[in-house]
Amino acid sequence: VILGDKNITIYGEDTILGYIGDAKFKISPHSFFQVNAKQTEVLYNKAGELLGEKVGHLMDLYCGIGSIGLYLSDKADKITGVEIVDSAVKDAEINAKLNGIENAQYLLGASEEIVPKILEKGEKIDKLLYGGYSTISLGYAGLYECVKFMTGKSHTDEEAKPFALKVMQFMNDK
């Protein structure tokens, strides 16, 4: 994050309120938020179309203040957001409450460290939102197939997980 450690509010609130469609988002100074709300709504609606039917567990990597996962909360039984910025995770938790969304949880940490731990516990992730550079990659199954195609090998899902995570890291580094 490029900002300093200390913020001084001269006048008004410590946060601002943003909207995407009917969803409200409290945003603190160190948190990221898409500034073009109308275009973001178009993007999020397209992501909802691509998700299709309601899924069990939707994981939102690099979730920031939780905007896309919360906007699509009716498309999943459970949403898990992962973010490395502490204030953004706190904002995401506040935003879930602000919008009356109870099926979302947020984890502080690096996605490449948290996702393997979740998978090791045996939790199933049905669909994946990958927020790096506004790209959306839906579904580990599709990511596994991509990895299988790239390596030319016929991996099982368990064998493909490390490769898929490396692909995610590669995408993040670009």
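Residues numbered from 1 in each chain as written. Predicted model: local features only at pLDDT ≥ 70, side-chain atom pairs only at ≥ 80, totals over all residues. Heavy atoms only, no water.

Caption draft 1: Quick look at unusual backbone geometry. With phi around 55 degrees, Tyr-62 is a residue other than glycine that occupies positive phi space. Residue position: Tyr-62 is located in the loop between β3 (55-61) and α2 (67-71). When its relative accessible area of 24% is taken as the criterion, Tyr-62 is described as partly exposed. (Helix = DSSP H or I, 4+ residues; strand = E, 2+ residues; numbered from the N terminus. Buried < 20%, exposed > 50% of the residue type's maximum accessible area, 1.4 Å probe, protein only.)

Caption draft 2: Up close: the nonpolar core. Phe-25, Leu-58, Leu-72 and Tyr-106 are the most contacted members of the largest nonpolar core, which totals 24 residues. Each residue touching Leu-72, except ones within four places of it in the same chain, is listed here: Tyr-44, Ala-47, Gly-48, Leu-51 and Leu-129. Core analysis: the second largest hydrophobic core is formed by ten residues, Leu-61, Val-115, Ile-118 and Ile-125 among them. (Core = buried A, V, L, I, M, F, W, Y, C linked by side-chain atoms within 4.5 Å. Contact = heavy atoms within 4.5 Å.)

Caption draft 3: A look at the confidence of the model for the protein chain. For the protein chain, the average pLDDT comes to 78, and 73% of its residues sit at 70 or higher. Mean pLDDT across the elements of the protein chain bottoms out in helix α5 (residues 140-151) (50) and peaks in strand β5 (residues 104-108) (97). Note that residues 132-141 has pLDDT below 50 and, in this model, 27 contacts with residues that lie over four places away or in other chains. Long-range and interchain partners of residues 149-155, a stretch whose pLDDT sits below 50, account for seven contacts in this model, where long-range means more than four residues apart. (pLDDT = per-residue confidence, 0-100.)

Caption draft 4: The arrangement of the sheet that holds β5 in detail. A sheet is described by the order of its strands in space; here four strands give the open sequence β5-β4-β3-β6, paired in parallel fashion. Among the strands making up the open sheet, the edge pair consists of β5 and β6 (127-130). Neighbour-to-neighbour, the strand axes of this sheet turn through a mean angle of 20 degrees, independent of strand direction. Here four bridges tie β3 to β6, and the two strands are oriented parallel to one another. If you follow Asp-60 over to β6, its bridge partner there is Leu-129. This element, helix α4 (residues 111-120), spans β3, β4 (76-83) and β5 of the sheet and lies at about 155 degrees to β3. (Pairing = 2+ DSSP bridges. Axes fitted to C-alpha atoms, helices over the stretch in contact; angles between N-to-C directions.)

Caption draft 5: Just the side chain of Thr-80, in detail. Take Thr-80: it is sitting in strand β4. Classification of Thr-80 by relative accessible area gives buried; the value is 0%. Side chain to side chain, Thr-80 and Gln-105 meet in a polar contact 3.0 Å long. The contacts of Thr-80, once residues within four sequence positions are left out, are His-57, Leu-58, Met-59, Asp-60, Gln-105, Leu-107 and Ile-118. (Polar contact = N/O pair within 3.5 Å; in protein donor to acceptor, adjacent residues only side chain to side chain.)

Caption draft 6: Summary view of a nonpolar patch on the surface. Together, Ile-8, Ile-10 and Tyr-11 make up a nonpolar patch on the protein surface, roughly 500 Å² of accessible area in all. Looking at the element boundaries, Ile-8 is found in the segment before β1 (16-20). Assessed through its relative accessible area of 67%, Ile-8 is described here as exposed. (Patch = residues over 30% accessible without salt bridge, like charges linked within 9 Å, V, L, I, M, F, W, Y side chains within 5 Å. Areas by Shrake-Rupley, 256 points an atom, 1.4 Å probe, with all protein chains shown as cover. Salt bridge = Lys/Arg side-chain N within 4 Å of Asp/Glu carboxyl O.)

Caption draft 7: View of the pairing of strand β2 (residues 23-27). Because side chains alternate across β2, one face comprises the buried residues Ala-23, Phe-25 and Ile-27, and the other comprises Lys-24 and Lys-26, none of which is buried. Where β1 meets β2, five bridges bridge the pair, whose relative direction is antiparallel. The residue bridging Leu-17 from the neighbouring strand is Lys-26, located in β2.

Caption draft 8: Representation of helix α3 (residues 86-98) within the structure. Counted at 1.5 Å a residue, the expected span for α3 with its 13 residues is 18 Å, and the 18 Å between its end C-alpha atoms agrees. Listing the buried residues of α3 in full gives Ala-88, Val-89, Asp-91, Ala-92, Asn-95 and Ala-96. Buried residues of α3, seen end-on, are gathered within an arc of 160 degrees and therefore sit on one face of the element. On its buried face, α3 is in contact with β2, α2, β4 and β5. Following α3 by one or two positions, Gly-100 has its phi on the positive side, about 65 degrees. (Expected span 1.5 Å × (residues − 1). Arc of directions from axis to C-beta.)

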